[in-house]
Amino acid sequence: SVSWPRVLPQGAGTVNQAGLAFYERLVDALNERGIEPVLTLFHWDLPQALQDQGGWPNRDTAIRFADYAQRVANRLGDRVRYWITHNEPFVVVAAGHLTGEHAPGLQDPAAALRAAHHLLLSHGLAVEALRSTLPASARIGITLNLNPIHPATLSEKDRLAAIRYDGMLNRMALDPILLGTYPEDILTALGPPFPRPETGDLEAIAAPLDFLGVNYYSRAVVRHD
């Protein structure tokens with residue numbers, strides 16, 4: 001996992017050469033020992049300067065992320081084959097912007113929904129930047145935390161609750177990435193707070209991938225409340 005603040009302390013602008021040199025040494029050491037590096041560009045650490053400008057709820061952060069991805073690819077693309085844009089964007093949304101357990105510690109549903117869209121948009125923009133920079137042999141993907149969802153009982157309320165939870169956790173990421181559309185049932189449930197995608201957003205998010213990383217921890221058993 002490459003640290004964005006270590007490479008670009010201000011989120012953009014001047015690269016911290018010592019930061020990138022650290023990852024060069026790390027990648028070289030792995031390759032020399034026969035360990036193939038699989039590089040993740042974002043594992044939840046956002047430069048403070050970008051957070052001060054609004055963080056992931058701010059659309060500009062997605063554009064900054066693509067620039068950061070390209071800079072890392074320019075430096076390490078000749079020695080890293082596997083590239084992952086994001087690790088578990090749902091956690092950034094839910095724990096960082098909804099429950100406040102992770103940085104930036106917000107409890108703001110509207111901000112969480114904006115962050116959800118901008119994280120996915122940043123993924124798509126980064127894929128495009130990586131494709132234009134990396135060798136044709138490079139493999140690009142994203143890693144999601146996904147759960148199989150089961151209703152707690154056979155009741156209709158629990159069944160519908162399980163469908164909603166599956167939509168929020170799984171389909172709100174899988175559908176736009178793989179199908180180029182958000183699930184209509186979840187958009188209806190969320191209502192106006194979810195940002196309306198701009199022209200070209202969904203096409204960018206659905207940029208073709210070489211692999212999908214799946215972090216699987218457990219199933220989820222859901223009861224209506």
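Definitions and cut-offs
- Residues numbered from 1 in each chain as written.
- Predicted model: local features only at pLDDT ≥ 70, side-chain atom pairs only at ≥ 80, totals over all residues.
- Heavy atoms only, no water.
- Helix = DSSP H or I, 4+ residues; strand = E, 2+ residues; numbered from the N terminus.
- Rg over C-alpha atoms; globule rule 2.2 N^0.38 Å.
- Buried < 20%, exposed > 50% of the residue type's maximum accessible area, 1.4 Å probe, protein only.
- Contact = heavy atoms within 4.5 Å.
- Areas by Shrake-Rupley, 256 points an atom, 1.4 Å probe, with all protein chains shown as cover.
- Lys, Arg positive; Asp, Glu negative; His and termini not counted.
- Charge placed at Lys NZ, Arg CZ, Asp CG, Glu CD.
- Salt bridge = Lys/Arg side-chain N within 4 Å of Asp/Glu carboxyl O.
- 1 Å grid on protein atoms, 1.4 Å probe; cavity = no way out; pocket = protein on both sides within 12 Å on 5 of 7 lines; lining within 4 Å.
- Points joined across faces, edges and corners; volume = space filled by probe spheres on them.
- Nonpolar A, V, L, I, M, F, W, Y, C, P; charged D, E, K, R; others polar.
- Core = buried A, V, L, I, M, F, W, Y, C linked by side-chain atoms within 4.5 Å.
- Pairing = 2+ DSSP bridges.
- Axes fitted to C-alpha atoms, helices over the stretch in contact; angles between N-to-C directions.
- Polar contact = N/O pair within 3.5 Å; in protein donor to acceptor, adjacent residues only side chain to side chain.
- Phe/Tyr/Trp six-rings, centres within 6.5 Å; stacked < 30°, edge-to-face > 60°.

## Some words on the overall build of the protein
Here is step 1 of the chain: Per the secondary structure count, the protein includes nine helices and six strands.
Here is step 2 of the chain: Rg of the C-alpha trace for the protein: 18 Å, near the compact-globule value of 17 Å for 225 residues, within the 12% margin.
Here is step 3 of the chain: By principal-axis analysis of the C-alpha atoms, the protein measures approximately 55 × 40 × 35 Å.
Here is step 4 of the chain: Looking at the 225 residues of the protein, the share that counts as buried comes to 46%.
Here is step 5 of the chain: Of the contacts formed within the protein by residues at least 6 apart in sequence, a portion of 72% connects residues at least 24 apart.
Here is step 6 of the chain: For the protein, the computed accessible surface area is about 11,000 Å², with 54% contributed by carbon and sulfur atoms.
Here is step 7 of the chain: In the protein, 19 side chains carry a positive charge and 24 a negative one; their mean positions are 2 Å apart.

## Overview of the pattern of salt bridges
Here is step 1 of the chain: Summed over the entire model, instances satisfying the criterion amount to 13 salt bridges.
Here is step 2 of the chain: Here Arg-75 and Glu-24 are joined by a salt bridge, their closest N and O atoms 3.0 Å apart. Here Arg-75, found in helix 4 (residues 60-76), pairs with Glu-24, found in helix 2 (residues 17-32); they are 51 residues apart in sequence, far enough to count as distant.
Here is step 3 of the chain: Salt-bridge contacts for Asp-201 lead to Arg-59; the nearest nitrogen and oxygen are separated by 2.7 Å. Taken as a pair, Asp-201 in helix 9 (residues 201-205) and Arg-59 in the loop between helix 3 (48-52) and helix 4 lie far apart in primary sequence, 142 residues in all.
Here is step 4 of the chain: A single salt-bridge network, built from bridges that share partners, covers Glu-24, Asp-28, Arg-75, Asp-78 and Arg-79.

## Looking at the layout of surface pockets
Here is step 1 of the chain: By volume, the largest pocket is sized at about 570 Å³.
Here is step 2 of the chain: Taken together, 31 residues form the lining of the largest pocket, with Phe-90, Met-168, Leu-169, Met-172 and Leu-190 sitting closest to its centre.
Here is step 3 of the chain: Those elements giving two or more residues to the lining of the largest pocket turn out to be helix 5 (89-98), helix 6 (109-133), strand 3 (139-145), helix 7 (156-179) and helix 8 (184-190).
Here is step 4 of the chain: Size it by volume and the second largest pocket reaches roughly 160 Å³.
Here is step 5 of the chain: Residue classes in the lining of the second largest pocket are distributed as six nonpolar, two polar and two charged.

## Details of the nonpolar core
Here is step 1 of the chain: By size, the foremost hydrophobic cluster in this structure holds 35 residues, and its most contacted members are Trp-4, Val-7, Leu-41, Trp-56, Tyr-68, Val-72 and Trp-83.
Here is step 2 of the chain: Taken together, the elements giving at least two residues each to this core come down to helix 1 (4-7), helix 2, strand 1 (38-42), helix 4, helix 5 and helix 6.
Here is step 3 of the chain: Core analysis: the next-biggest nonpolar cluster, separate from the first, contains 13 residues, Ile-142, Met-172, Ala-173 and Leu-174 among them.

## Let's talk about the pairing of strand 2 (residues 82-87)
Here is step 1 of the chain: Burial runs high along strand 2: five of the six residues are buried.
Here is step 2 of the chain: Judged from the four bridges that link them, strand 1 and strand 2 form a sheet pairing that is parallel. Within strand 2, the position partnered with Val-38 by the bridge is Tyr-82.
Here is step 3 of the chain: Pairing analysis gives four bridges linking strand 2 to strand 3, with the strands arranged parallel. By the bridge assignment, Trp-83 is partnered in strand 3 with Ile-140.

## Examining the sheet that holds strand 3
Strand pairing in a sheet takes place through backbone hydrogen bonds and is either antiparallel or parallel in direction.
Here is step 1 of the chain: Read from one edge to the other, the open sheet built from four strands follows the order 1-2-3-5, with strand pairing classed as parallel. Two strands in the sheet have a free side with no partner beyond their single neighbour: strand 1 and strand 5 (211-215). Geometrically, the sheet is characterised by an average inter-axis angle of 30 degrees between neighbouring strands, direction not taken into account.
Here is step 2 of the chain: Contacts between helix 4 and the sheet are confined to strand 1 and strand 2, with strand 1 contributing the most and set at about 150 degrees to the helix.

## A short note on the side chain of Ser-122
Here is step 1 of the chain: Relative to the helices and strands, Ser-122 resides in helix 6.
Here is step 2 of the chain: Taking the relative accessible area as the measure of exposure, Ser-122 reaches 0% and is therefore buried.
Here is step 3 of the chain: A polar atom in the side chain of Ser-122 sits 2.8 Å from the side chain of His-86.
Here is step 4 of the chain: Non-local contacts of Ser-122, meaning those with residues more than four positions away in its chain, are made with Trp-56, Ala-62, Phe-65 and His-86.

## Re the packing of aromatic side chains
What describes a pair of aromatic rings is the distance from one ring centre to the other and the angle between the planes of the rings.
Here is step 1 of the chain: Taken as a whole and assessed by the stated rule, the structure comprises eleven aromatic pairs.
Here is step 2 of the chain: Between the aromatic rings of Trp-4 and Tyr-68, the centroid separation amounts to 5.0 Å while the plane-to-plane angle is 10 degrees, which identifies the pairing as stacked. With Trp-4 in helix 1 and Tyr-68 in helix 4, the pair connects residues that are 64 residues apart, well separated along the chain.
Here is step 3 of the chain: With a relative accessible area of 0%, Tyr-68 lands in the buried category.
Here is step 4 of the chain: Centre to centre, the rings of Trp-56 and Phe-65 are 6.1 Å apart; their planes meet at 65 degrees, and the pair counts as edge-to-face. There is no split in this pair, since Trp-56 and Phe-65 are both buried.

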